[in-house]
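# Observations on the three-dimensional arrangement
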Amino acid sequence: MKEVLLVEDDKGLSDGVVLGLTQAPYRITQSFSIEEALKNIRMKAFSLIILDLSLPDGNSYELLKQIRRAVETPVIIMAEKEMRLDQSAGYGMGADDCIIKPFSLSQLRDKMRDIWKQRKREPGKEYRFKSLSFQFDEGRFFKDTEEVRLTAAEKKVLCILVENQGTALAEADLAGQIFPPEEADGKRELAAVIQSLRSKLEDDPARPEFIHTVYGRGYTWKDLQSAPAVG
């Protein structure tokens, strides 16, 4: 059974989510504040954290950063429709996905399943570019000898870019493969993921060597004539 931490101060919404997931193979731990959430994270290992961006006792982004520094547990953030910038900031700080209120329980279940699918191995994919090594089969990524932690969204964007290296991918098409367009401003969320990837992988994020913006078209991974090393 998968352990899920739900951080939501609206008790009605929180209880509704718990009730709606009782038939699924999940055990939900409820937290109604940042303090409660931190206490639960210290006490138990979770398979997923669902985090509301509006909590009464502090900054949800600080909590997200603390989670990312401590564990690699995937995080789904919950946001209101008008919180576009907040969603982008959440992706930049390590959120794996976002769901917009109001949402259906089937939407939430789909996102939970998608995240866990992305965490599974994709055999036979490993690429090397200078100091970078991407072991897609193991879900591990290295810069020099240091392992780099990537969110599920970052891994998916990176995989698409690398597998299409040298080809400019349109923003809308790339965003559409990662973020449901009816739920969020996909291009903005994609830009946040690209910025985060550059900060983690590039020596100089302001002058990227690998992840290039093709103005008027989209993004590309520069073709360095490097073939995948399949193991």
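Worth saying up front: this structure is predicted, and the values here are computed from it rather than measured.

Moving on: the overall build of the chain. For the chain, the count of helices and strands is eight helices and twelve strands. Partitioning the intrachain contacts of the chain with sequence separation of at least 6 by distance along the chain shows that 60% fall at a separation of at least 24. Only carbon and sulfur atoms are counted for the fraction: they give 48% of the accessible area of the chain, which is about 11,500 Å².

Evaluated as defined, the whole model comprises eight aromatic pairs. Centre to centre, the rings of Tyr-127 and Phe-129 are 6.3 Å apart; their planes meet at 0 degrees, and the pair counts as stacked. Both residues of the pair, Tyr-127 and Phe-129, belong to the buried class. On the basis of an interplanar angle of 75 degrees and a centroid distance of 5.7 Å, the ring pair of Phe-134 and Trp-221 is categorised as edge-to-face.

In this section: helix α7 (residues 171-178). Taken residue by residue, α7 has Leu-174, Ala-175 and Ile-178 as its buried positions. Buried residues of α7 fall within an arc of 95 degrees about the axis and therefore sit on the same side. Where the residues of α7 are buried, they touch α6 (152-163), β10 (169-170), α8 (186-201) and β12 (218-221).

So, on to the environment of Ile-160. With respect to the helices and strands, Ile-160 occurs in helix α6. Look past the residues within four positions of Ile-160 in its chain and what remains in contact with it is Leu-169, Leu-174, Gln-177 and Ile-178.

The subject of this paragraph is the sheet that holds strand β9 (residues 146-147). Taking strand neighbours across the sheet as the criterion, the four strands line up as β6-β7-β8-β9 in an open arrangement whose pairing is antiparallel. Looking along the sheet, the strands with just one partner apiece sit at the ends: β6 (126-129) and β9.

Moving on, we get to the packing of α7 against α8. Packing of α7 against α8 brings their axes to within 9 Å, and their N-to-C directions diverge by 85 degrees. If you check the angle between α7 and α8, you find them roughly perpendicular. Across from Glu-171, Ala-172, Leu-174 and Ala-175 in α7, the residues of α8 making contact are Gly-186, Lys-187 and Leu-190. Here the contact of α7 with α8 is built from residues that sort into four nonpolar, one polar and two charged.

Our focus in this paragraph is unusual backbone geometry. Looking along the chain, the bond that leaves Lys-101 and enters Pro-102 is cis, with omega of -10 degrees. The residue Pro-102 is located in the loop between β5 (97-101) and α5 (105-118) in this model. Phi at Lys-130 takes a positive value of approximately 50 degrees, unusual for a residue other than glycine. Locating Lys-130 in the fold gives a position in the loop between β6 and β7 (132-135). For Asp-144, which is not a glycine, the phi torsion comes out positive at approximately 60 degrees.

Each value, and the rule that gives it
Residues numbered from 1 in each chain as written. Predicted model: local features only at pLDDT ≥ 70, side-chain atom pairs only at ≥ 80, totals over all residues. Heavy atoms only, no water. Helix = DSSP H or I, 4+ residues; strand = E, 2+ residues; numbered from the N terminus. Contact = heavy atoms within 4.5 Å. Areas by Shrake-Rupley, 256 points an atom, 1.4 Å probe, with all protein chains shown as cover. Phe/Tyr/Trp six-rings, centres within 6.5 Å; stacked < 30°, edge-to-face > 60°. Buried < 20%, exposed > 50% of the residue type's maximum accessible area, 1.4 Å probe, protein only. Arc of directions from axis to C-beta. Pairing = 2+ DSSP bridges. Axes fitted to C-alpha atoms, helices over the stretch in contact; angles between N-to-C directions. Parallel < 35°, antiparallel > 145°, perpendicular 65-115°, else oblique. Nonpolar A, V, L, I, M, F, W, Y, C, P; charged D, E, K, R; others polar.

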